[in-house]
Amino acid sequence: MDGDFSDSFEIVGGPEDGISFPITRTPVTIGANADCAIFLNYDRSILPVHARVTVVSGGYRIRAAAGASVYINGRRSGVVWSRIARSGDIVRVGETHLCLVCAPDGLAGRSIGMPTESNFVWLFHAVAQQLQKVAAILFRLFFRTLSRVNRTLLTLMTIAIIVGYFRPGLVQSVINTARYWARHVWWRVTGS
């Protein structure tokens, strides 16, 4: 542990027993990928990104990655339904047991009273992000199938609908002007 100034996860059971990982910022990831802040190289049951850790008031929220087994004090933490670990709690990822040690001046202690993201808010954000991606794909697909003329007409119709909603008199004025010029051109062309 880095003095008494930072929180840490200390391995208390598993292939790398005794190693400590200081937590100075969040979010951090736990996994077998070397880019993870808590890099567990020797536990073969660990996924490349096994869990994500974020600070909450007085502790850390631990959210499992898809398909990962994560337990806090024997209770499962999932992708949607995460759990909060506090100082002294045991977090089991794969076959490795980590003990959370929160220092008085650590990140969790400095976060007391700060608003945190609940499971429902996280789920809402995750679903919204996925819906946004799907909408973007559908939007691109829709516009790729349209010809230039159709795009222009669709754009003009959209503008007319928006303007018509906010300024109905303006649209009627444009329609009347278009009728006048259509009659004027027709009269010039046909003479009647």
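Here the residue numbering is sequential within each chain, running from 1 through the sequence in written order. Residue-level local features of this predicted model are given only where pLDDT is at least 70; pairs of side-chain atoms are given and counted only at 80 or more, and the full residue set underlies all totals for whole chains, interfaces and linings. Where side-chain values are given, they derive from all heavy atoms of the structure, hydrogens and water being excluded.

(A) Structural view of the sheet that holds strand β5 (residues 51-56). Two strands are said to pair when DSSP picks up at least two bridges between them. Starting at the N terminus, helices and strands are each numbered in turn, a helix being any DSSP run of H or I of at least four residues and a strand any DSSP run of E of at least two. Sheet architecture is open: five strands sit in the order β4-β3-β5-β6-β9, paired in mixed fashion. A single partner strand is all that each edge strand has here, and the edge strands are β4 (38-39) and β9 (83-85). As paired elements, β5 and strand β6 (residues 59-64) share six bridges and run antiparallel to each other. Counterpart to Ala 51 in the pairing with β6 is Ala 64.

(B) The arrangement of the pairing of strand β11 (residues 96-101) in detail. Direction of pairing for strand β1 (residues 7-13) relative to β11: antiparallel, over a ladder of five bridges. The partner of Ile 11 across the bridge, within β11, is Leu 98. One ladder, built from four bridges, connects strand β10 (residues 90-93) with β11; its direction is antiparallel. For Val 93, the partnering residue across the bridge sits in β11 and is Thr 96. Here β10 folds back onto β11, and the loop between the two strands holds two residues, one of which, Gly 94, carries a positive phi near 60°.

(C) How the structure looks around the environment of Leu 107. By the element assignment, Leu 107 lies in helix α1 (residues 107-110). Burial here depends on accessible area, computed with a 1.4 Å probe over protein chains only, as a share of the maximum for the residue type. Under 20% is buried, over 50% is exposed, and the range in between is partly exposed. Its relative accessible area of 15% is what places Leu 107 among the buried residues. Distance in space between the C-alpha atoms of Leu 107 and Thr 96 is 23 Å, their sequence separation being 11 residues.

(D) How the structure looks around the sheet that holds strand β7 (residues 70-72). Taken in spatial order, the six strands of this open sheet run β2-β1-β11-β10-β7-β8, and their pairing is antiparallel. A strand with exactly one partner marks an edge of an open sheet, and here the two such strands are β2 (20-23) and β8 (75-77). Pairs of neighbouring strands in the sheet enclose a mean axial angle of 30°, with direction left out of account. Of the pairings in the sheet, the one linking β7 to β8 comprises three bridges and is antiparallel in character. Paired with Ile 72 across the two strands is Arg 75, which belongs to β8. Here, axes are lines fitted to C-alpha atoms. For helices the fit covers the stretch in contact, and angles between N-to-C directions go from 0 to 180 degrees.

(E) Main features of the environment of Val 189. Within the fold, Val 189 resides in helix α4 (residues 168-190). Look at Val 189 and you get exposed, because its relative accessible area is 65%. It is 89 Å that separates the C-alpha atoms of Val 189 and Pro 104, two residues lying 85 residues apart in sequence.

(F) Quick look at α4. In this model α4 runs 33 Å from its N-terminal to its C-terminal C-alpha over 23 residues, within 8% of the 33 Å that 1.5 Å per residue would give. Two residues or fewer past α4, Gly 191 is found with a positive phi of approximately 80°. The span you would expect from a helix comes to 1.5 Å times its residue count less one.

(G) Local environment of the side chain of His 50. Topologically, His 50 is positioned in the loop between β4 and β5. His 50 gets classed as buried once you look at its relative accessible area, which sits at 1%. In the analysis that follows, any N or O atom pair within 3.5 Å is treated as a polar contact, provided that within protein one partner can donate a hydrogen and the other can accept it, and provided that, for residues neighboring in sequence, both atoms belong to side chains. At 2.9 Å, the side chain of His 50 and the backbone oxygen of Ser 69 are in polar contact. Contact partners of His 50, with chain neighbours within four places excluded, come to Ile 30, Gly 31, Ser 45, Ala 64, Ala 65, Ala 68, Ser 69, Val 70, Val 93 and Gly 94. Contact criterion: two residues are considered in contact whenever any of their non-hydrogen atoms come within 4.5 Å of each other.

(H) Region of the structure containing the state of the cysteines. Disulfide: a pair of cysteine sulfur atoms within 2.5 Å of each other. Overall, the coordinates contain zero disulfides when judged by the stated rule. Cysteine Cys 99 is unpaired, with the sulfur of Cys 102 as its nearest cysteine sulfur at 9.2 Å. Accessibility expressed as a relative area gives 15% for Cys 99, which makes it buried.

(I) Region of the structure containing the nonpolar core. One finds Phe 9, Ile 30, Leu 40, Ile 62, Val 70, Val 91 and Val 93 to be the most contacted residues of the largest nonpolar core, which totals 24 residues. With three residues, β6 is the largest single contributor of residues to this core. Ignoring sequence-local partners within four residues, the contact set of Val 91 consists of Phe 9, Ile 62, Val 70, Tyr 71, Ile 72, Ala 85, Thr 96, His 97 and Leu 98. For this analysis, a nonpolar core means a set of buried residues of the types Ala, Val, Leu, Ile, Met, Phe, Trp, Tyr and Cys, connected via side-chain atoms within 4.5 Å.

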